[in-house]
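Survey of secondary and tertiary structure
Next come the chains, spelled out residue by residue.
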2 protein chains.
Amino acid sequence: MIDNLELIKPISRSSPTKIVLLVIDGLGGLPHPQTGKTELETANTPNLDQLATKGICGLIDPVSPGITPGSSPAHLALFGYNPVSFNIGRGVLEAIGIDFNLEPGDIATRGNFCTLDETGLVTDRRAGRISTRKCIELCHLLDGLVIDEAKLFVCPVREHRFVVIFRGDALASEVSDSDPQQTGVSPKTVTAVSPEADRMASIASQFIAQAKTILAEHYPANMVLLRGFSQRPSFPTMGEVYKLKPVAIASYPMYRGIANLVGMEVLDTGSSIEDEFATLKQNYANYDFFFLHIKETDTAGEDSDFDRKVGVIEQVDTALSNLMSMEPDVIVVTGDHSTPALLGGHSWHPVPILLYSKWCRPDRISEFSESACIFGGLGRFPATQVMPLAMANALKLNKFGA
Amino acid sequence: MIDNLELIKPISRSSPTKIVLLVIDGLGGLPHPQTGKTELETANTPNLDQLATKGICGLIDPVSPGITPGSSPAHLALFGYNPVSFNIGRGVLEAIGIDFNLEPGDIATRGNFCTLDETGLVTDRRAGRISTRKCIELCHLLDGLVIDEAKLFVCPVREHRFVVIFRGDALASEVSDSDPQQTGVSPKTVTAVSPEADRMASIASQFIAQAKTILAEHYPANMVLLRGFSQRPSFPTMGEVYKLKPVAIASYPMYRGIANLVGMEVLDTGSSIEDEFATLKQNYANYDFFFLHIKETDTAGEDSDFDRKVGVIEQVDTALSNLMSMEPDVIVVTGDHSTPALLGGHSWHPVPILLYSKWCRPDRISEFSESACIFGGLGRFPATQVMPLAMANALKLNKFGA
C-alpha cells in the first residue's frame, strides 16, 4: 500500500487557506430500538444538516472494516498516519493521558497496584480496584526515588493505575513486562530484550524490589505490576508532511498528547464545548489547521446514555454556527470511531463524515446521519484519506506526477 | 497493505456466539435481456429479503475489481486469507478436489493425458479429451508404481485429467513442469529448481519415462504431461487466527479440501441443499463457525442455465427459514464470486452480501439483489474483510490499540 505520508509530503504546499477538523469523539451510533434512529439521527442539528447540504458526505473506517479502534489509533488515522504502522507505546499513552511532559530519552511504563499473597503469587492484578485517592497516596510513597542516577516519577492515573517515568542517561525501552497478565503466578522479572536495555531492566527491577518493601503494609495494594515500557515516538510532524501550522484544541490530556506527538501546537482551553469553540475563534488568525476535539459524546456513549449523547451533539451543532461565520476554507466534521450508546463502548461501525469547501463537489445529501452518509459522494473510505481530502479541498496539494 | 490475519489474530477472542457463513457459489449474475433482472432478482426470496431488511447489505470484490477468481482464491478471501499471498498449488488443488487425503511431505501434481506424434512432438495436450472412463482405465495402469522407494498414486479426475501423488522421504516440490503448454514441441524435462528437489525431479522423470512405455499402445492418450508440483501448504488455521471452532458443510470435495486447509473440521453431509442445512442443524451445538456451501448455483451458471440458477436460489431461500429459527448471532449470505448464466462461467462482477446481527446497524435495503446492494450500508469492499466484520458483529474482537 502507498504510505499516505510519503505520497503527500512532496506535493503539499503552504497556503493561507484554513482547515478545521472537528472530531466529535465516538460520533457514530446504533439505532434506538424504539425509534430506529441513531443518536446523530435523533439530535436536532440544523447547522450540521446545512453543512451536509452544501458539502459532501460519506463514511470512514478508522482502521479497517470490523476493527474497533482505541482512541490513539483512531486519531492517528484521522491525522493521516497509518494506525497499524505508527504505534504509541502503552506507557507513553498513559503518560500523555495525564499531561506528563515526556522529555527525549524518558522511558514511561504503565503500572498497576496489585495484590500478592504470602507466597508471592498475584491474587488480584488490580488490588481490588483501590480508590483513586488511595492510588494518589501510594504514588506519593514511591515518587521521587533515584536509582543508579535515574530519577523516577510515579504519577497516579485512576483507581489502581499509575505511570512510572524513568529519566536518566542511556535508558532504553526494550525490556519485558513484569505484569504476568494472569493471577496465580508470580510477577515476572523485567529483563532486557536488547543489550542496550540492560541498565533499564536493572533499574526497573530495583524499583520493583523497593516498591514491594514500601508497600508491604498496604494490603491489598502490596505490589506493583509494570507493562508497556516505551519511549516517546518520533513521528514525522504534520508541519513536515503537510506544511501546515497545526493546532489542537482539546480539553482531555490524551488527545492533547496525541496531537503533540504529531507536531501540533496545543492550546490552553476551557473544558466546555463553548470554551473550545471560543479558543478556536481567539486563535483563528495564527494557524491554518485546527483540530477541535469534543470528548463528551464518547463519554455519554460509554455510559450507555443515549439521550445525553444526543444532547451533546445538539450542543456541538449550536456552537457550530459561530465557526461557520468565520468561513474556514475547509470544514470536516466526523468522529474518531463510533461509540453507540447501545453497546456502551467503542465499536467497529463506520463513522459519518462531512466535508465542506467551496470546491467539494456536493452530493444530494441534506442530512448529516449514518443512514444518509451511506449515499454520500465520498463513499466509504479509510480514515487515513481524510487529511489528503481536506488538503486538496484547501488547494494545498500540488499535482502528483506530470 | 495490512495483513488481515496479523491484525486479527492478537485481538480475536473466543465466545459462545455463533456465526453462519452461507456461501451460494457463483451467486452474482447479470440481467436477463428480456426482463432486465439477474438470477437473484428473478428468484422469489422472501427469507433473504427479510434478512436484508433486518440486516446490512453491500457488494464484495473477491480479489479486486475486474479480477475473475477461481474457486480457491475466492474461498480463501472469504475466510480472510489474502488470495494473492496465500496460494494453493495446482497439484494440491486437484488432489483435494478428488478428496485425496494428502499427508505431510506428499507432492501432488496435475496430469494430462496427451498425444505425441511419431517424432515425439505434442499434437494434442488433452488427447482428444478422452472419456472419464478411459481416464480411469489408464490411471489403473499407472497407479501404484514405486520409484526409488517413493510410492506413486495416480488418480483419475475427469476426461484427460488426473493427479499424481508422490509419497516418500525427502521429496520437494520445486521442480519445473513437463507440460510445455503448447503443441508442436516436445514435453519438457522436469528439472529441479532448488537443490533439495533433485530427487523429486529424478523420480518424476522416471515416472514420465515409464508412463510413455506403458501408454505406447493407447493412442491418442500415449503420453502424460505434468504441471503444478506442490505440497499441502501450512496456512495459519482459523482456530489460531480467529479462535473459532469452525466447521464446513459442503458436498463437493474441492470446497471440503479448501476448508480443511484453513483448519476447519469437515462434516459428512448429503448432497442436497436440504441435507446440508439438516447437517448444520444436527451439529449446531458443537461449533461456533459454520461454513455452509451451496454448489448448484455455480453449476447452473456455468451451464448457462438462467432458470435453473433461479430455482436453486429459491430452494436455498426456502431452506433458510430453518436456519433463521436457530437464531445464530451472525448470518452472512454471499457468494464466492459471480457466475452469470449469460456468461456461462465465473466472472469479475462484485458479489451481493448481506450480514445480519443484533449489532449490524441496518441500512434501508429491503431486498437482497445486486442492484439493491449497491446502496447498502456495507458499501463495496474486499471479500477479505467479510470475516473481520462477521467477527466484530459476533462480539469476538477486542479493541485494536488503546
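These remarks concern the structure in this document. Every chain begins its residue count from 1, and numbering advances along the sequence as written. Think of it this way: whatever chain is written first is A, whatever ligand is written first is 1, and the rest follow in order. Residue-level local features of this predicted model are given only where pLDDT is at least 70; pairs of side-chain atoms are given and counted only at 80 or more, and the full residue set underlies all totals for whole chains, interfaces and linings. Side-chain descriptors were evaluated using all non-hydrogen atoms of the structure, hydrogens and water having been removed beforehand.

Things to note about the overall build of chain A
A run of H or I in DSSP counts as a helix once it spans at least four residues, and a run of E counts as a strand once it spans at least two, with each numbered from the N terminus. Within chain A one finds 14 helices and 14 strands. As a reference, a globule follows 2.2 Å times the number of residues to the power 0.38, and the radius of gyration itself is taken over C-alpha atoms. Here the C-alpha atoms of chain A give a radius of gyration of 23 Å, agreeing with the 21 Å that 2.2 N^0.38 yields for 402 residues. Summarising its shape, the C-alpha atoms of chain A cover approximately 70 × 55 × 40 Å along the three principal directions. Relative accessibility thresholds used throughout: buried, under 20% of the residue-type maximum; exposed, over 50%; partly exposed, between the two (1.4 Å probe, protein chains only). Put simply, chain A has 402 residues, and 58% of those count as buried.

Focus: the environment of D117(B)
Structurally, D117(B) is set in the loop between strand 3 (107-116) and strand 4 (122-124). For the pair formed by D117(B) and D99(B), sequence separation is 18 residues and the distance between their alpha carbons is 34 Å.

Notes on a nonpolar patch on the surface
Candidates for patches are residues over 30% relative accessible area with no salt bridge; among them, like charges are joined within 9 Å and nonpolar side chains (Val, Leu, Ile, Met, Phe, Trp, Tyr) within 5 Å. Working definition of accessibility: Shrake-Rupley area with a 1.4 Å probe, residue cover restricted to the visible protein chains. When a carboxyl oxygen of Asp or Glu is within 4 Å of a side-chain nitrogen of Lys or Arg, the pair counts as a salt bridge. Among the surface-exposed residues, F375(A), I374(B) and F375(B) lie close enough to one another that they form a single nonpolar patch of about 290 Å² accessible area. With respect to the helices, strands and loops of the structure, F375(B) is situated in the loop between helix 13 (370-373) and strand 14 (379-382).

Description of the environment of G111(B)
Residues and elements named next belong to chain B. Mapped onto the elements of the fold, G111 is located in strand 3. Sequence separation between G111 and A127 is 16 residues, and the spatial gap between their C-alpha atoms is 12 Å. Discounting chain neighbours no more than four positions away, the residues touching G111 are H160, R161, F162, L225 and L226. Contacts are residue-level and defined by heavy atoms, with any inter-residue pair within 4.5 Å sufficient.

Focus on the relation of the copies chain A and chain B
Superposing chain A onto chain B takes a rotation of 124 degrees combined with a translation of 0.1 Å along the rotation axis, leaving an RMSD of 0.2 Å. With respect to symmetry, the two chain copies, as superposed, fit the operation of a three-fold axis. Looking at chain A, a mere 6% of its interface residues are interface residues in chain B too, so the copies touch through different faces. To superpose the copies, least squares is applied to the C-alpha atoms of every residue with a pLDDT of at least 70 in both.

Quick look at helix 6 (residues 132-142) of chain A
All names here are of chain A. Regarding helix 6, the residues found buried are C135, L138, C139 and L142. Seen along its axis, helix 6 keeps its buried residues to an arc of 105 degrees; they face one direction. Exposed residues on helix 6 whose side chains face more than 90 degrees from its buried face are R133 and H140. As used here, the arc belongs to the directions running from the helix axis to the C-beta atoms.

Here's the deal with the sheet that holds strand 1 (residues 19-24) of chain A
Across a sheet, paired strands are connected by hydrogen bonds in the backbone, their directions being either parallel or antiparallel. Residue and element names in this part refer to chain A. Spatial strand order, 10-9-11-1-12-13-2-14: eight strands in an open sheet with mixed pairing. Only two strands of the sheet have a single partner each, and these edge strands are strand 10 (265-266) and strand 14 (379-382). Pairing between strands requires that DSSP locate at least two bridges from one strand to the other. Two elements, strand 9 (residues 246-249) and strand 10, share two bridges in a ladder whose sense is parallel. Within the sheet, the bridge partner assigned to V247 lies in strand 10 and is E265. Relative to the sheet, helix 12 (residues 306-325) contacts strand 1, strand 11 (289-294) and strand 12 (330-334), its axis offset from that of strand 1 by approximately 170 degrees. The angle between two axes is taken between their N-to-C directions and runs from 0 to 180 degrees, where each axis is a line fitted to C-alpha atoms and a helix contributes only its stretch in contact. In the packing of helix 14 (residues 386-393) onto the sheet, the strands contacted are strand 1, strand 2 (56-61), strand 11, strand 12, strand 13 (351-357) and strand 14, and the crossing angle to strand 13 comes to about 15 degrees.

So, the packing of aromatic side chains
We describe a pair of aromatic rings using the distance from one ring centre to the other and the angle between the two ring planes. Residue and element names in this part refer to chain A. Geometry of aromatic contacts follows a simple scheme: Phe, Tyr and Trp rings, the Trp one being its six-membered ring, pair when their centres are within 6.5 Å, and the pair is stacked under 30 degrees between planes, edge-to-face over 60, tilted otherwise. Applying the stated criterion across every chain yields a total of 21 aromatic pairs over all chains. Consider the rings of F113 and F162, whose centres lie 4.5 Å apart with planes at 40 degrees: the pair is tilted. With F113 in strand 3 (residues 107-116) and F162 in strand 7 (residues 161-167), this residue pair connects regions lying 49 residues apart in the sequence. Pair check on accessibility: F113 and F162 agree, each one buried.

Section: the pattern of salt bridges
Residues and elements named next belong to chain A. Counting across every chain of the model gives 33 salt bridges over all chains. Of the charged contacts in the structure, one is a salt bridge between E159 and R129, with a shortest N-O distance of 3.1 Å. Separated by 30 residues along the polypeptide, E159 in the loop between strand 6 (150-158) and strand 7 and R129 in the loop between strand 4 (122-124) and helix 6 bring together distant segments of the chain. Here the salt bridges do not stand alone but share partners, grouping R90, E94, R110 and R161 into one network.

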